[in-house]
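Coordinate inspection notes
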Amino acid sequence: MSPRTSQLRRHGIEIAAFVATALLGLAWAMTNPPGAAPDEPSHYVRVVGLSYGQVFGEPVPQEYFAAEGYRPGVQIEHLRQGAGLYRVPASAPPPVFCNRFRPRRPWTCRTPMQPWDGRYVSLHATTPPASYIVPTIASRLAHTTNRKLLLARLAYAVQGAFLVSLIVAALRRLGVGGRPKAVALLSLTFTPLLAFEVGTIAPNGTETLAIVAFASWLLVA
């Protein structure tokens, strides 16, 4: 048996976990309409803004939130603290989710290109940027909205698959017989909602899996 074959057999469960999670993320990335995931247009603006060097964006005028119908006072102030204004290229404005509650409309809505670069608000400007890094790099490879969004989704799927394989590797080290409660609890963290977030522009999925991976290897140590 060659060393490579032996290595593959030794890490077969981790590889299977990576492939299964990546395929699950790919399924969500390809079948969920552009912009349909919760807060996805806002995360898209952050990803594209980051890809052009805008880390936290510019302050958002209070008038924006008033025009959007948010309640003045505490609600608007809370949103302003976490929001940022980003410049997005004319060829890739935020996705338009035109088929909300209208199943007869086409799956994907072509977001019209703008005559010039636009400035758009992301409500997630202060979200720690680490989980955006790989999707940000991937999004720079495309020039239109749907392609940037798809590449960012696929990057999140790969990130999620890698973290799941780390968790599975840690669970194998722990062993069911050694720490059954810890293994059961860590295994149950991969919920249907988390699986959905792996295939959309949702840093929550990466953050959750990163915390579980860290906790898993902490127990191993």
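To start, this report covers the structure provided alongside it. (Residues numbered from 1 in each chain as written. Predicted model: local features only at pLDDT ≥ 70, side-chain atom pairs only at ≥ 80, totals over all residues. Heavy atoms only, no water.)

What follows concerns the overall build of the protein. For the protein, the helix and strand inventory stands at 10 helices and 2 strands. The order of α-helices and β-strands along the protein, N terminus first, is α-α-α-α-α-β-β-α-α-α-α-α. Burial analysis of the protein (221 residues in total) assigns 43% to the buried set. Considering only contacts within the protein whose residues lie at least 6 apart along the sequence, 80% involve residues at least 24 apart. (Helix = DSSP H or I, 4+ residues; strand = E, 2+ residues; numbered from the N terminus. Buried < 20%, exposed > 50% of the residue type's maximum accessible area, 1.4 Å probe, protein only. Contact = heavy atoms within 4.5 Å.)

Right, let's talk about the packing of aromatic side chains for a bit. Here the structure, examined in full by the defined rule, presents 1 aromatic pair. One Lys or Arg, R140, reaches over the ring of Y52 and ends 4.4 Å from the middle of that ring. (Phe/Tyr/Trp six-rings, centres within 6.5 Å; stacked < 30°, edge-to-face > 60°. Lys NZ or Arg CZ within 6 Å of the ring centre and 35° of its normal.)

This part covers a nonpolar patch on the surface. Together, I15, F18, V19, L23, L26, M30, V158 and F162 make up an exposed nonpolar region whose accessible area comes to about 680 Å². If you list the elements that add at least two residues to the nonpolar patch, you get helix 2 (12-31) and helix 7 (145-174). A per-element tally of the nonpolar patch places helix 2 first, with 6 residues. Summarising the element assignment, L26 is placed in helix 2. Residue L26 is classed as partly exposed on the basis of its relative accessible area of 36%. (Patch = residues over 30% accessible without salt bridge, like charges linked within 9 Å, V, L, I, M, F, W, Y side chains within 5 Å. Areas by Shrake-Rupley, 256 points an atom, 1.4 Å probe, with all protein chains shown as cover. Salt bridge = Lys/Arg side-chain N within 4 Å of Asp/Glu carboxyl O.)

Turning our attention to the packing of helix 7 against helix 10 (residues 203-220). At a closest axis distance of 9 Å, the pairing of helix 7 and helix 10 adopts a crossing angle of 20°. On the basis of their axis angle, the class for helix 7 and helix 10 is roughly parallel. Our pair here, helix 7 against helix 10, has a crossing hand that is left-handed. From helix 7, Y156, Q159, G160, L163, V164, L166, I167, A169, A170, R173 and L174 reach across to helix 10, where they touch P203, T206, L209, A210, V212, A213, S216, W217, L219 and V220. (Axes fitted to C-alpha atoms, helices over the stretch in contact; angles between N-to-C directions. Parallel < 35°, antiparallel > 145°, perpendicular 65-115°, else oblique. Left-handed = near helix turned anticlockwise from the far one by under 90°.)

For the rest of this paragraph, the subject is the environment of T206. Tracing the backbone through its elements, the reader meets T206 in helix 10. Since its relative accessible area comes to 11%, T206 is described here as buried. The spatial distance from the C-alpha of T206 to the C-alpha of Q159 is 6.9 Å, given a sequence separation of 47 residues. Look past the residues within four positions of T206 in its chain and what remains in contact with it is S131, Y156, Q159 and L163.

Under the counting rule described, the total for this entry stands at 3 salt bridges. With its nearest N and O atoms 3.0 Å apart, the salt bridge here joins E14 to R172. A residue pair is termed long-range when its members are at least 10 positions apart, and E14 in helix 2 and R172 in helix 7 qualify at 158 residues. You can call E14 buried: its relative accessible area is 11%. Where E58 meets R119, a salt bridge forms, and the shortest distance between an N and an O atom there is 3.0 Å. Placement of the pair is E58 in the loop between helix 3 (40-51) and helix 4 (62-67) and R119 in strand 2 (residues 118-122), with a sequence separation of 61 residues. Take R119: its relative accessible area is 52%, and that puts it in the exposed class.

It is worth spelling out the nonpolar core at this point. Core analysis: the biggest nonpolar cluster contains 15 residues, and V164, I167, L171, L174, L186 and L209 have the highest contact counts within it. If you list the elements that add at least two residues to this core, you get helix 7, helix 8 (180-187), helix 9 (192-198) and helix 10. Top element by residues in this core is helix 7. It accounts for 7 residues. Once residues within four sequence positions are removed from consideration, L186 is found in contact with L171, L174, V212, S216 and L219. Residues V48, Y132, L149 and I201 belong to the second largest nonpolar core, which totals 14 residues. (Core = buried A, V, L, I, M, F, W, Y, C linked by side-chain atoms within 4.5 Å.)

Okay, helix 2 next. Residues separated by three or four positions in an α-helix point in the same direction, a consequence of the helix having 3.6 residues per turn. Over its 20 residues, helix 2 runs 28 Å from end to end, which matches the ideal 28 Å to within 8%, given 1.5 Å per residue. Where helix 2 is concerned, the buried positions are E14, A17, T21, A22, G25 and A29. One side of helix 2 holds all its buried residues, which, seen down the axis, span an arc of 125°. (Expected span 1.5 Å × (residues − 1). Arc of directions from axis to C-beta.)

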